[in-house]
Amino acid sequence: MLDVKKSLDRLTWNTQHHYAHIEAQHDFIRAWAVQFEMGYTDFRVVQMSLQLDGGQHELLARFAAAYEKVYDYEYAFAAGGLEGFNQQYGDKIADYKQAADDLLKIIDEIRAINGTVK
């Protein structure tokens with residue numbers, strides 16, 4: 001598997017901090033949007049690495065599904081700010097937290113096979 005340690009680190013940081021930012025009801029800031037866009041690139045790097053590995057189809061599928069769930073919450077914030085997020089998901093913050101936690105667990109699984117366990 002390709003060395004994707006930095007991509008995994010950034011995905012972890014983004015997932016944790018973006019959730020905390022929204023949970024605390026902080027306003028949208030440009031840095032958040034840049035991190036969101038770069039996070040998608042990191043997701044694609046890890047996805048490609050899992051595809052090239054060839055033996056990780058089940059993990060790849062779970063990773064992609066978990067990322068897409070988190071992406072939906074983050075996109076609502078990126079596209080509509082705090083107001084847009086709250087209109088779409090304001091009553092589903094616990095679901096967002098679960099989606100973030102699920103993604104972080106899968107990232108840890110990838111770290112284990114990538115030899116980059118913290």
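The structure displayed is predicted, hence computed values, not measured ones.

J.: Please explain the overall build of the chain as it appears in this structure.
T.: Broken down by element type, the chain carries 4 helices and 0 strands. Listing the helices and strands of the chain from first to last along the sequence gives α-α-α-α. Relative to a compact globule of 118 residues, whose C-alpha radius of gyration would be 13 Å, the chain shows 14 Å and is just as compact. When each of the 118 residues of the chain is scored for burial, the buried share is 42%.

J.: Just to check I follow, could you spell out the environment of Ala-20 for this structure?
T.: Position of Ala-20 among the secondary structure elements: in helix α1 (residues 5–23). Note on Ala-20: relative accessible area 36%, which makes it partly exposed. Separated by 77 residues in sequence, Ala-20 and Lys-97 place their C-alpha atoms 9.2 Å apart.

J.: I'm lost on the pattern of salt bridges in this one. Help?
T.: Between side chains of opposite charge, a pair can form when the charged atoms approach closely. What the rule picks out here adds up to 8 salt bridges. Here Glu-58 and Arg-62 are joined by a salt bridge, their closest N and O atoms 2.4 Å apart. Of the two residues, Glu-58 and Arg-62 both sit in helix α3 (residues 57–89), 4 residues apart, roughly one turn of that helix. We classify Arg-62 as partly exposed; its relative accessible area is 28%. One salt bridge in this structure joins Asp-108 and Arg-111, with 3.7 Å as the shortest N-O distance. Separated by 3 residues within a single helix, Asp-108 and Arg-111 lie in helix α4 (residues 93–114), roughly one turn from each other. The buried category is assigned to Arg-111, whose relative accessible area is 3%.

J.: Can you help me understand helix α2 (residues 30–53) in this one?
T.: With 24 residues, α2 should cover 34 Å at 1.5 Å per step; its first-to-last C-alpha distance of 35 Å lies within 8% of that length. Those residues of α2 not exposed but buried are Trp-32, Ala-33, Phe-36, Gly-39, Asp-42, Phe-43, Val-46, Gln-47, Ser-49 and Leu-50. In the segment just after α2, Gly-54 is the residue with positive phi, at about 85 degrees.

J.: Help me understand the side chain of His-21 in this model?
T.: Relative to the helices and strands, His-21 resides in helix α1. The contacts of His-21, once residues within four sequence positions are left out, are His-26, Asp-27, Ile-29, Trp-32 and Phe-77.

J.: Which parts of the structure should I look at to understand the environment of Lys-5?
T.: Along the chain, Lys-5 falls in helix α1. A relative accessible area of 34% means that Lys-5 is categorised as partly exposed. Expressed as a C-alpha distance, the spacing of Lys-5 and Ile-110, which sit 105 residues apart in the sequence, is 9.5 Å.

J.: Looking at this structure, how should I read the nonpolar core?
T.: Buried together is how nonpolar side chains tend to be arranged in soluble globular proteins. By size, the foremost hydrophobic cluster in this structure holds 30 residues, and its most contacted members are Val-46, Phe-63, Phe-85 and Ile-110. Of all the elements in the fold, those that place two or more residues in this core are α1, α2, α3 and α4. For this core, the leading source of residues is α3, giving 13 residues.

J.: Where do I start with the side chain of Ser-7 in this structure?
T.: Structurally, Ser-7 can be placed in helix α1. Excluding residues within four positions of it along the chain, Ser-7 makes contact with Asp-42, Val-45 and Val-46.

Cut-offs used in this document
- Residues numbered from 1 in each chain as written.
- Predicted model: local features only at pLDDT ≥ 70, side-chain atom pairs only at ≥ 80, totals over all residues.
- Heavy atoms only, no water.
- Helix = DSSP H or I, 4+ residues; strand = E, 2+ residues; numbered from the N terminus.
- Rg over C-alpha atoms; globule rule 2.2 N^0.38 Å.
- Buried < 20%, exposed > 50% of the residue type's maximum accessible area, 1.4 Å probe, protein only.
- Salt bridge = Lys/Arg side-chain N within 4 Å of Asp/Glu carboxyl O.
- Expected span 1.5 Å × (residues − 1).
- Contact = heavy atoms within 4.5 Å.
- Core = buried A, V, L, I, M, F, W, Y, C linked by side-chain atoms within 4.5 Å.

Nothing here speaks to function; it is all geometry.
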